[in-house]
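Listed here are the chains, written in short residue letters.
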Amino acid sequence: MSLLITGGTLVGPLGAQPADVLVDGETVAALYAPGGAAGVAADRTVDATGKYVVPGGVDVHTHMELPFGGTNASDTFETGTVAAAWGGTTTIIDFAVQRTGEVVEEGLAAWHAKADGNCAIDYGFHMIIGGVDEAALKAMDSLVAHEGVTSFKLFMAYPGVFYSDDGQILQAMQRAAGNGAIIMMHAENGMAIDVLVAQALARGDVDPVFHGRTRPPALEAEATHRAVVLAQVAGDCPLYIVHLSASGALAEVAAARGTGQNVFAETCPQYLYLSLEEHLGASGFEGAKYVCSPPLRSKAEPHAADLWRGLRTDDLAVVSTDHCPFCFKDQKELGRGDFSKIPNGIGGVEHRMDLVYQGVASGNLSVERWVETCSTTPARMFGLYPRKGVIAPGSDADIVVYDPNGRTTLGAATHHMNLDYSAYEGFEVAGKVDTVISRGSVLVDGGGFHGRPGHGRFLRRGLSQYLR
Ligand code: URP
Ligand code: ZN
Ligand code: ZN
């Protein structure tokens, strides 16, 4: 099956220029300057006139079916990857989990069992190491060498759940410095936060907003600083700060990058658009919908503006979603009367491309930077480039035709995530995903879904290609 995409503006690492794209089977066969494809025969033609032709989105931070907070994230690998495809994301990297006392390889096998045969788009895994011990450290080597899992998430937050102390973190970082893996860090000072949480509950401050008030930005900045220092002591272990939310943490990343250290960071749409006052602080129990960690930040402080700036300057290299959906009914409701029992997470895998595109529409980001932060850099950061993240001969034909003149309204009635509310309810955004192609198969077109669970394949990843 061949496919010719004509008349669009191709966006990629070399800039934005008019070009036609020929897909043969699962990969990109050729690019043509305008007019160059005249006479090329294809089984199907997609007219992209007036539209952007961009590499499929790569969302490197999702949690499908994650058991967390006494319940399970509500999207399965099937529902979550279908929703991702609707939104122009054609690759996810999800987090397999090992907890204290568990065997890393068994955790990875459990995630393969959840995903295998169920995904509508291609997927890879990072590994959460929730219990750093000798066996887990050894397993890190073997996952990098044999399993195509080359990144490990550690937590300075969530004591008693995923938390590692500084000694454990240092050992895991030393291991990564040796085997080439990248360490992904949830940087919040969980021990100090737990004290603030207990004090708030004792005072009777039980509403969702206190989730934010007990996780101040200073404790994210402090943990980010500590992670940077530990990575340096570990021999410049590559460090990637996940879901960065606050100005102070960004300043720590920028300072480390300024010294030449291999430090990178991502942010997520929720931190660019939602705030502690308007969303987490919504009246009644409504704020539970917006409980995630790190929490939404105060709009009285310049966090969101600083994050947009970080995306421009590359101190923030990637936008991921940290997609971790919990329904309001029966899931978020677990924390009525005690904010610390609200499962942490927001669902958004479907909306990342549209939400970051608003930066282009508002003049905050170039169209090239949109593609870089949502597709090319995540692919390079996690060892998938040039198979993913670029439209070039030989690359997987993961392509999105995006209509800059379209409009999209976000909300629970129209989204495809298995989630009974939307954190972005009523958002009307510029731009619209028009056609989504994964390895040469058209998944979304003409307002309909034509993909299937099982189309998506597991991606064995190489080492990060982003190291200096
Ligand atoms: O609130 C969040 N971020 N939930 C998902 C787990 C994590 O820390 O990434
Ligand atoms: Zn986290
Ligand atoms: Zn996460």
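Everything below is about the structure printed above this text.
Okay, so let's go over this structure.

Concerning helix H7 (residues 217-233)
Helical geometry: 3.6 residues make up each α-helical turn, so side chains three or four residues apart lie on a common side.
Then comes step 1: With 17 residues, H7 extends 25 Å between its outermost C-alpha atoms, agreeing within 8% with the 24 Å of an ideal straight helix rising 1.5 Å per residue.
Then comes step 2: Restricting attention to buried positions, one finds in H7 the residues Leu219, Glu220, Ala221, Ala223, Thr224, Arg226, Ala227, Val228, Leu230 and Ala231.
Then comes step 3: Buried-residue contacts for H7 involve helix H4 (166-179), strand E14 (182-186), helix H5 (190-203), strand E15 (239-241), helix H8 (247-258) and strand E16 (263-267).
Then comes step 4: Just beyond H7, the residue with positive phi is Gly235, at close to 95°.

Observations concerning unusual backbone geometry
Then comes step 1: Of the consecutive residues Ser293 and Pro294, the connecting peptide bond is found in the cis state with omega at -5°.
Then comes step 2: With respect to the element layout, Pro294 can be found in the loop between helix H10 (276-280) and helix H11 (303-313).
Then comes step 3: In this model, Tyr385 is joined to Pro386 through a cis peptide bond whose omega is 5°.
Then comes step 4: Looking at the element boundaries, Pro386 is found in the loop between helix H13 (367-381) and strand E18 (399-409).
Then comes step 5: Of note in the backbone geometry, Glu65 takes a positive phi value of approximately 60° without being a glycine.
Then comes step 6: Relative to the helices and strands, Glu65 resides in the loop between strand E8 (57-62) and strand E9 (67-68).

Things to note about the coordination of the zinc ion (ligand 3)
Then comes step 1: At 1.9 to 2.1 Å from the zinc ion (ligand 3) lie its protein donor atoms, namely His61 (NE2), His63 (NE2) and Asp322 (OD).
Then comes step 2: Because the angles between the four donor atoms bound to the zinc ion (ligand 3) fall within 88 to 133°, the donor set is best described as tetrahedral.
Then comes step 3: Motif for the zinc ion (ligand 3), donor spacing along one chain: H-x1-H-x258-D.
Then comes step 4: The metal-metal distance between the zinc ion (ligand 3) and the zinc ion (ligand 2) is 4.0 Å. Taken together, the residues His61 in strand E8 and Asp322 in the loop between strand E17 (318-319) and helix H12 (352-361) connect sequence positions 261 residues apart. The two residues His61 and Asp322 agree in class, both being buried.

Things to note about the site of ligand 1
Then comes step 1: In the vicinity of ligand 1, 14 residues are found, and the nearest of them are Lys153, Tyr158, Ser293, Asp322 and Asn344.
Then comes step 2: For ligand 1, an oxygen atom lies 3.0 Å from a polar atom in the side chain of Tyr158.
Then comes step 3: A distance of 3.5 Å separates an oxygen atom of ligand 1 from a polar atom in the backbone of Gly345.
Then comes step 4: Summarising the interface, the protein chains cover 100% of the accessible area of ligand 1, which totals 270 Å² for the free molecule.
Then comes step 5: Class assignment of the residues belonging to the shell around ligand 1 gives a composition of five nonpolar, seven polar and two charged.

Quick notes on the coordination of the zinc ion (ligand 2)
In a perfect tetrahedron of four donors around a metal, the angles come out at 109.5 degrees. In a perfect octahedron of six, they are 90 or 180 degrees.
Then comes step 1: Taken together, Lys153 (NZ), His186 (ND1) and His243 (NE2) make up the protein donors of the zinc ion (ligand 2), found 2.1 to 2.2 Å from the metal.
Then comes step 2: Here the donor residues of the zinc ion (ligand 2) are spaced in sequence according to K-x32-H-x56-H.

Details of the packing of helix H2 (residues 104-115) against helix H3 (residues 134-147)
Packed helices, taken two at a time, are described by the angle between their axes plus the distance between the axes.
Then comes step 1: Between H2 and H3, whose axes approach to 9 Å, the crossing angle comes to 45°. When the axis of H2 is compared with that of H3, the two are oblique. For the pair H2 and H3, contact is made by Val104, Glu105 and Leu108 and by Ala136, Ala139, Ser142, Leu143 and Glu147, respectively.

Some remarks on the nonpolar core
Grouped burial of nonpolar side chains is what soluble globular proteins tend to show.
Then comes step 1: By size, the foremost hydrophobic cluster in this structure holds 134 residues, and its most contacted members are Met173, Ile183, Met185, Leu239, Tyr240 and Trp370.
Then comes step 2: Every residue in contact with Met185, bar those within four places of it in the chain, is listed here: Leu154, Phe155, Met156, Ile169, Met173, Ala227, Leu239, Tyr240, Ile241 and Val242.
Then comes step 3: Membership of the second largest hydrophobic core comes to 16 residues, among which are Ile5, Ala19, Val21 and Ala397.

What counts and how
Residues numbered from 1 in each chain as written. Chains lettered and ligands numbered in written order. Predicted model: local features only at pLDDT ≥ 70, side-chain atom pairs only at ≥ 80, totals over all residues. Heavy atoms only, no water. Helix = DSSP H or I, 4+ residues; strand = E, 2+ residues; numbered from the N terminus. Expected span 1.5 Å × (residues − 1). Buried < 20%, exposed > 50% of the residue type's maximum accessible area, 1.4 Å probe, protein only. Contact = heavy atoms within 4.5 Å. Donors = N, O, S within 2.8 Å, 3.2 Å for Na, K, Ca; no water. Tetrahedral: all angles 85-135°; square planar, octahedral: opposite > 155°, others 65-115°. Near = heavy atom within 4 Å. Polar contact = N/O pair within 3.5 Å; in protein donor to acceptor, adjacent residues only side chain to side chain. Areas by Shrake-Rupley, 256 points an atom, 1.4 Å probe, with all protein chains shown as cover. Nonpolar A, V, L, I, M, F, W, Y, C, P; charged D, E, K, R; others polar. Axes fitted to C-alpha atoms, helices over the stretch in contact; angles between N-to-C directions. Parallel < 35°, antiparallel > 145°, perpendicular 65-115°, else oblique. Core = buried A, V, L, I, M, F, W, Y, C linked by side-chain atoms within 4.5 Å.

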